[in-house]
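Structural characterization, general
Read off the chains here:
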Amino acid sequence: MTDLIIKTYIDRFKDYAKAGDAVCNDAVTLIDNGEIIVFNMTGLDSVSTVFLNTSFGQLIDTYGIERVKKSFKFTNILRSQADRIKKYFADYAELKNTPLP
């Protein structure tokens, strides 16, 4: 398992789209190596749609919802963040007519 601290990306890039792209690029390598990614949400109040689109959305486009969900775990996540991410996955599946696993 590999931890990715999301706030570190956001602080480094100061731009949600660029931070999401960086997370996506790092996650691709990890997923290709069969690793589980632990997204550490410490220090974040919310998760923006732009970040979700450029990180999780790109990963779903590349690997599909099922593989992405199997590759992800979360730590230090607020209930509101978890609900937002679940809704993002559900909305994405509906948009692509892909049933959630």
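Above this note sits the structure.
Predicted, not measured: the structure shown is a model, and the values here were computed from it. (Residues numbered from 1 in each chain as written. Predicted model: local features only at pLDDT ≥ 70, side-chain atom pairs only at ≥ 80, totals over all residues. Heavy atoms only, no water.)

1. Describing the pairing of strand β2 (residues 37–40)
Both faces of β2 are covered, namely the face carrying Ile37 and Phe39 and the face carrying Val38 and Asn40. In terms of strand pairing, β2 meets strand β3 (residues 72–75) through four bridges, oriented parallel. When the bridges of β3 are listed, Asn40 appears paired with Thr75. (Buried < 20%, exposed > 50% of the residue type's maximum accessible area, 1.4 Å probe, protein only. Helix = DSSP H or I, 4+ residues; strand = E, 2+ residues; numbered from the N terminus. Pairing = 2+ DSSP bridges.)

2. Description of the environment of Tyr88
Of note, Tyr88 is situated in helix α5 (residues 79–95). Along the chain, Tyr88 and Lys73 lie 15 residues apart, while their C-alpha atoms are 15 Å from each other. Aside from chain neighbours lying at most four places away, what touches Tyr88 is Leu52, Asn53, Phe56, Gly57 and Ile60. Within the structure, the side chain of Tyr88 is placed 2.8 Å from the side chain of Asn53, a separation counted as a polar contact. (Contact = heavy atoms within 4.5 Å. Polar contact = N/O pair within 3.5 Å; in protein donor to acceptor, adjacent residues only side chain to side chain.)

3. Side note on the sheet that holds β3
Strand pairing in a sheet relies on backbone hydrogen bonds. The paired strands run either parallel or antiparallel. On the basis of which strands lie adjacent, the open sheet formed by three strands has the order β1-β2-β3 and parallel pairing. Looking at the sheet topology across the chains shown, the edges are occupied by β1 (2–5) and β3. The mean inter-strand angle of the sheet, taken between neighbouring strand axes irrespective of direction, is 30°. Here helix α2 (residues 16–32) sits on the sheet and contacts β1, β2 and β3; the angle it forms with β2, its principal contact strand, is near 155°. (Axes fitted to C-alpha atoms, helices over the stretch in contact; angles between N-to-C directions.)

4. Some words on the packing of aromatic side chains
Applying the stated criterion across every chain yields a total of 11 aromatic pairs. Considering the side-chain rings of Phe39 and Phe72, the 4.6 Å spacing of their centres and the 80° angle between planes classify their relative orientation as edge-to-face. In this pair, Phe39 sits in strand β2 while Phe72 sits in strand β3, placing the two residues 33 residues apart along the sequence. Given a relative accessible area of 0%, Phe39 falls into the buried group. On the basis of relative accessible area, Phe72 is assigned to the buried category, the value being 9%. (Phe/Tyr/Trp six-rings, centres within 6.5 Å; stacked < 30°, edge-to-face > 60°.)

5. Remarks on the pattern of salt bridges
For the structure shown, the criterion picks out four salt bridges. A salt bridge links Lys70 to Glu66, with the shortest nitrogen-to-oxygen separation between them at 3.1 Å. Of this pair, Lys70 and Glu66 both sit in helix α4 (residues 65–71), four residues apart, roughly one helical turn. Residue classification places Glu66 among the partly exposed residues on the basis of a relative accessible area of 44%. Across the pair Arg79 and Asp83 runs a salt bridge, and its minimum N-O distance is 3.3 Å. With Arg79 and Asp83 both in helix α5 and four residues apart, this pair spans about one turn of that helix. (Salt bridge = Lys/Arg side-chain N within 4 Å of Asp/Glu carboxyl O.)

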